[in-house]
Amino acid sequence: MDKHEGPDAGTIRLDDPWYDALAVGWGEGEGGEPPPPRPAVGGRAAPGASDIYLEVQRSAAFQEVRSRYRGFVVPATAGFLLWYVAYVVAATMAPGIMARPVFGAVNVALLAGLGQFLSTFLLTWAYSRHARLRRDRAALDLRWTVFEQERGQERNRNQSRGAGR
């Protein structure tokens with residue numbers, strides 16, 4: 001974020017691809033309908049934002065990020081659901097085992113229930129660590145790529161509008 005000098009000194013300029021451009025009105029047409037695609041050099045339509053996103057989605061870098069995401073989330077979800085169902089089944093089908101005291105008033109069911117909370121926190125920590133180490137940088141690089149391509153398209157559109165006047 002950069003602060004401006006002069007009459008708009010209180011406003012903040014956001015040059016960040018994570019900033020939601022539509023939240024401030026960018027990209028919203030005054031007429032309600034988007035302008036038709038302008039022909040590019042060679043008579044073909046200039047690529048739109050959807051073309052950029054489709055190109056990124058088909059890229060090897062995006063597929064790698066998605067693969068890493070699925071590689072963690074699918075087994076983690078399956079393991080956690082299995083652990084939860086095992087706890088519920090054991091509580092209903094084996095009350096004698098669950099009622100067995102471990103020490104004092106603490107029994108197996110209480111430890112297993114506390115284990116549910118502990119496993120939730122551990123899984124959350126593992127997910128955020130996995131995302132930070134294996135996906136965030138690649139995802140941010142992809143986001144910057146899209147941002148720069150969209151910015152280039154916007155510049156081209158503004159130049160073509162200025163040249164047509």
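(A) Inspection of the packing of helix α2 (residues 60-93) against helix α4 (residues 108-134) at higher detail. For the pair α2 and α4, the least separation of the axes is 11 Å and the interaxial angle reads 175°. It follows that α2 is roughly antiparallel to α4 by the angle criterion. Touching Arg68, Tyr69, Phe72, Val73, Ala76, Phe80, Trp83, Tyr84 and Tyr87 of α2 are Ala109, Ala112, Gly113, Gly115, Gln116, Ser119, Thr120, Leu123, Ala126, Tyr127, His130 and Arg134, all from α4. Here the residues of the contact of α2 with α4 are counted per class, giving 13 nonpolar, 6 polar and 2 charged.

(B) View of the packing of aromatic side chains. What the rule picks out here adds up to 2 aromatic pairs. A centroid spacing of 5.9 Å and a plane angle of 50° characterise the contact between Phe72 and Tyr127, whose relative ring orientation is tilted. Placement of Phe72 in helix α2 and of Tyr127 in helix α4 is noted, with a sequence separation of 55 residues between them. A relative accessible area of 17% means that Phe72 is categorised as buried. When the ring of Trp144 is compared with that of Phe147, the centres are 5.5 Å apart and the planes differ by 85°; the resulting orientation is edge-to-face.

(C) Examining α2 more closely. With 34 residues, α2 extends 48 Å between its outermost C-alpha atoms, agreeing within 8% with the 50 Å of an ideal straight helix rising 1.5 Å per residue. Val65, Phe72 and Ala76 are the residues of α2 that are buried.

(D) The arrangement of the pattern of salt bridges in detail. Under the definition given, this model contains 3 salt bridges. Glu148 is the partner of Arg151 in a salt bridge, and the nearest nitrogen-oxygen pair spans 4.0 Å. Residue Arg151 and its partner Glu148 are both found in helix α5 (residues 136-163); the two are separated by 3 residues, about one turn of the helix. Across the salt bridge formed by Glu154 and Arg157, the nearest N and O atoms sit 2.9 Å from each other. Here the residue Glu154 and the residue Arg157 both occupy positions in helix α5, the gap between them amounting to 3 residues, near one helical turn. With a relative accessible area of 32%, Arg157 lands in the partly exposed category.

What counts, and at which threshold
Within every chain, residues take consecutive numbers counted from 1 along the sequence as written. Residues qualify for local features only when their pLDDT is at least 70, as the model is predicted, and side-chain atom pairs are given and counted only at 80 or more; totals for whole chains, interfaces and linings, by contrast, use all residues. Values shown for side chains rest on all heavy atoms present in the structure; no hydrogens or waters enter the calculation. Every angle, taken between N-to-C directions, lies between 0 and 180 degrees, and every axis is a line fitted to C-alpha atoms, over only the stretch in contact when it is a helix. Each helix is a run of DSSP H or I of at least 4 residues and each strand a run of E of at least 2, with the numbering of both proceeding from the N terminus. Roughly parallel covers angles under 35 degrees, roughly antiparallel covers those over 145, roughly perpendicular covers 65 to 115, and oblique covers all other angles. Contacts: residue pairs with any heavy atoms within 4.5 Å of one another. Each residue gets one label: Ala, Val, Leu, Ile, Met, Phe, Trp, Tyr, Cys and Pro are nonpolar, Asp, Glu, Lys and Arg are charged, and the others, such as Gly, are polar. Two rings belonging to Phe, Tyr or Trp (six-membered ring only in the last case) form a pair when the distance between their centres is within 6.5 Å. Interplanar angles under 30 degrees mark stacking, angles over 60 mark edge-to-face geometry, and anything in between is tilted. Relative accessibility under 20% of the residue-type maximum defines a buried residue, over 50% an exposed one, and the middle range a partly exposed one, all with a 1.4 Å probe and only protein chains included. Helix span, expected: 1.5 Å multiplied by one less than the number of residues in the helix. Should a side-chain nitrogen of Lys or Arg be within 4 Å of a carboxyl oxygen of Asp or Glu, the pair is scored as a salt bridge.

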